[in-house]
Amino acid sequence: MHDSNPLATFSHVLHELNRFKLAYAHLIVSTEDDLRHGAAPVPLVALRREFQGPLIVANGFNRATATQALAEDLADAVAFGRLFIANPDLPERFRLNASLNAPDESTFYGGPKRATPIIRR
């Protein structure tokens, strides 16, 4: 999606959503790859200021960046898609600081099963 001024657009939308007392807003943030392909950077901190309810963010987060976003109060929750598909035991891997399977799109949504479980000692 392209917008001539995404910061102004999405700041306005989030501000206006406050009057509906939504359960939450879910934002898909731009990744470095998105930026390389022409997306305009929109600081999450600016969007966070506009929405008064719970904010869920997603897209490209890992354990460290999710923890940082939560610690800096940039979000109330972080959603994981690709990492969860590749690692159905993602919360346990995060808890153990275990290695992660790399997402393999050929296995998404019914493809051949290839996820490697955590090896317990």
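Residues numbered from 1 in each chain as written. Predicted model: local features only at pLDDT ≥ 70, side-chain atom pairs only at ≥ 80, totals over all residues. Heavy atoms only, no water.

Regarding the packing of aromatic side chains
With the rule as written, the count across this model stands at one aromatic pair. Ring centres 5.3 Å apart and planes at 75° place the aromatic pair F80 and F94 in the edge-to-face group. With F80 in the loop between β3 (77–79) and α5 (82–86) and F94 in helix α6 (residues 90–96), this residue pair connects regions lying 14 residues apart in the sequence. With relative accessibility at 15%, the residue F94 sits in the buried group. (Phe/Tyr/Trp six-rings, centres within 6.5 Å; stacked < 30°, edge-to-face > 60°. Helix = DSSP H or I, 4+ residues; strand = E, 2+ residues; numbered from the N terminus. Buried < 20%, exposed > 50% of the residue type's maximum accessible area, 1.4 Å probe, protein only.)

Some thoughts on the sheet that holds strand β2 (residues 55–58)
As summarised here, the arrangement of the three strands in space is β1-β2-β3, forming an open sheet in which the pairing is parallel. The sheet is open, and its two borders are formed by β1 (25–28) and β3, each paired with just one other strand. Direction aside, the axes of adjacent strands within the sheet are offset by 30° on average. With three bridges connecting them, β2 and β3 associate as parallel partners. Following the sheet pairing, A58 is matched in β3 by A79. (Pairing = 2+ DSSP bridges. Axes fitted to C-alpha atoms, helices over the stretch in contact; angles between N-to-C directions.)

Concerning the nonpolar core
Core analysis: the largest hydrophobic core is formed by 15 residues, its most contacted members being L14, L27, L44, L55, V57 and F61. Counting residues per element, the ones that place at least two in this core are β1, α3 (44–50), β2 and α4 (63–71). (Core = buried A, V, L, I, M, F, W, Y, C linked by side-chain atoms within 4.5 Å.)

Describing the pairing of β2
Here β2 shows two buried faces, one formed by L55 and V57 and the other by I56 and A58. Judged from the four bridges that link them, β1 and β2 form a sheet pairing that is parallel. Looking across to β2, one finds that H26 is bridged to I56.

Structural notes on the pattern of salt bridges
Under the definition given, this model contains seven salt bridges. Between R36 and D33 there is a salt bridge, and its shortest N-O distance comes to 3.4 Å. Of this pair, R36 and D33 both sit in helix α2 (residues 32–36), three residues apart, which is roughly one turn of that helix. Classification of R36 by relative accessible area gives exposed; the value is 62%. Given a relative accessible area of 37%, D33 falls into the partly exposed group. We note a salt bridge from R95 to E92, for which the minimum N-O separation is 2.8 Å. Of the two residues, R95 and E92 are both situated in helix α6; the distance of three residues between them amounts to about one turn of the helix. (Salt bridge = Lys/Arg side-chain N within 4 Å of Asp/Glu carboxyl O.)

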